[in-house]
Amino acid sequence: MATVPRVISYEEWLNLPVVADAVEEVVNGELRIMPPNKWESHAVVVENLRDALRAQLDQRTVRVVSSVFGLIISKDPLTCRVPDLAVFHKENIVKQDGYIHSAPELIVEVLSPANTRREREEKLRDYERIRVPEVWVASPEARTVEVLILDDRSLRTVQILGQGQIRPRHFPEATIDIAAIWDE
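Residues numbered from 1 in each chain as written. Predicted model: local features only at pLDDT ≥ 70, side-chain atom pairs only at ≥ 80, totals over all residues. Heavy atoms only, no water.

### Details of the pattern of salt bridges
Then, in step 1: By the definition in use, this model includes 17 salt bridges.
Then, in step 2: With a shortest N-O distance of 2.4 Å, Arg 50 and Glu 47 are connected by a salt bridge. On the criterion of helical spacing, the pair formed by Arg 50 and Glu 47 is a turn pair, its members being 3 residues apart in helix H2 (residues 39-56).
Then, in step 3: The exposure class of Arg 50 is buried, given its relative accessible area of 18%.
Then, in step 4: In the salt-bridge network here, residues are joined through shared partners; they are Glu 25, Arg 32, Arg 81, Glu 109, Arg 118, Glu 122, Lys 123, Asp 126 and Arg 129. (Salt bridge = Lys/Arg side-chain N within 4 Å of Asp/Glu carboxyl O. Helix = DSSP H or I, 4+ residues; strand = E, 2+ residues; numbered from the N terminus. Buried < 20%, exposed > 50% of the residue type's maximum accessible area, 1.4 Å probe, protein only.)

Structural data, given as structure tokens:
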């Protein structure tokens, strides 16, 4: 007999205890707990990107976030994502109940071997819903970065880079060397 996952509301979720050493997302009211990210294939890539962006962006006006935080996609049904890295213009950040309720200008997701195509597409659709203008999907396995840009309604792939440089649309002062983001 199949079990039906329990759907939780935003209010119920706010009162749940914090789960240590795990990443928690909620998708359409269903709580999903994932293990912490692996070191070389994930965490180091995120930190390398974070360091490169922070070094080139004005920290007085821009926030580069790589720590675990909740990005609310919708309250009903509750969907809360945890991007690997997000870059915000500080003036656009909307905080409520300890979570972010506004779209960053750039999100970076680093793929893990366990990620399924369905999970990736689901997450990208959620980012479309809140109108994230740019998403980078980094693949440590392929050593590529896919650049997706929001058009009228959906995120569309505009580049897949395995070398060279990448520049965020909303932060043109930053240039990232693709080769430098991988842990050698």
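### Things to note about the packing of aromatic side chains
Then, in step 1: For the structure on display, the rule yields 3 aromatic pairs.
Then, in step 2: Pairing Trp 13 with Tyr 99 gives two aromatic rings, centres 4.5 Å apart and planes at 35°, and the pair type is tilted. Remark: Tyr 99 occurs in strand S8 (residues 99-100) and Trp 13 occurs in helix H1 (residues 10-14); sequence separation between them is 86 residues.
Then, in step 3: In this structure Trp 13 comes out as buried when scored by relative accessible area, which is 4%.
Then, in step 4: On the accessibility criterion, Tyr 99 (24% relative accessible area) is partly exposed.
Then, in step 5: Taking 6.2 Å as the distance between ring centres and 65° as the angle between the ring planes, the aromatic pair formed by Phe 69 and Phe 88 counts as edge-to-face. Of the two residues, Phe 69 sits in the loop between strand S3 (62-65) and strand S4 (71-75) while Phe 88 sits in strand S6 (residues 85-89), which places them 19 residues apart along the sequence.
Then, in step 6: One aromatic cluster is present, formed by Tyr 10, Trp 13 and Tyr 99 through successive ring pairs. (Phe/Tyr/Trp six-rings, centres within 6.5 Å; stacked < 30°, edge-to-face > 60°.)

### A closer look at the pairing of strand S10 (residues 134-139)
Then, in step 1: For S10, a buried count of 6 out of 6 residues is recorded, marking the element as mostly surrounded by other parts of the structure.
Then, in step 2: Here S10 shows a buried face lined by Glu 134, Trp 136 and Ala 138 and a second buried face lined by Val 135, Val 137 and Ser 139.
Then, in step 3: Handedness of the strand S9 (residues 106-110)-helix H3 (residues 117-129)-S10 crossover: right-handed.
Then, in step 4: When S10 meets strand S11 (residues 144-150), the two strands line up antiparallel, connected through 6 bridges. From the neighbouring strand, Val 137 faces S11, where its bridge partner is Glu 146. (Right-handed = clockwise from strand over helix to strand, strands pointing away. Pairing = 2+ DSSP bridges.)

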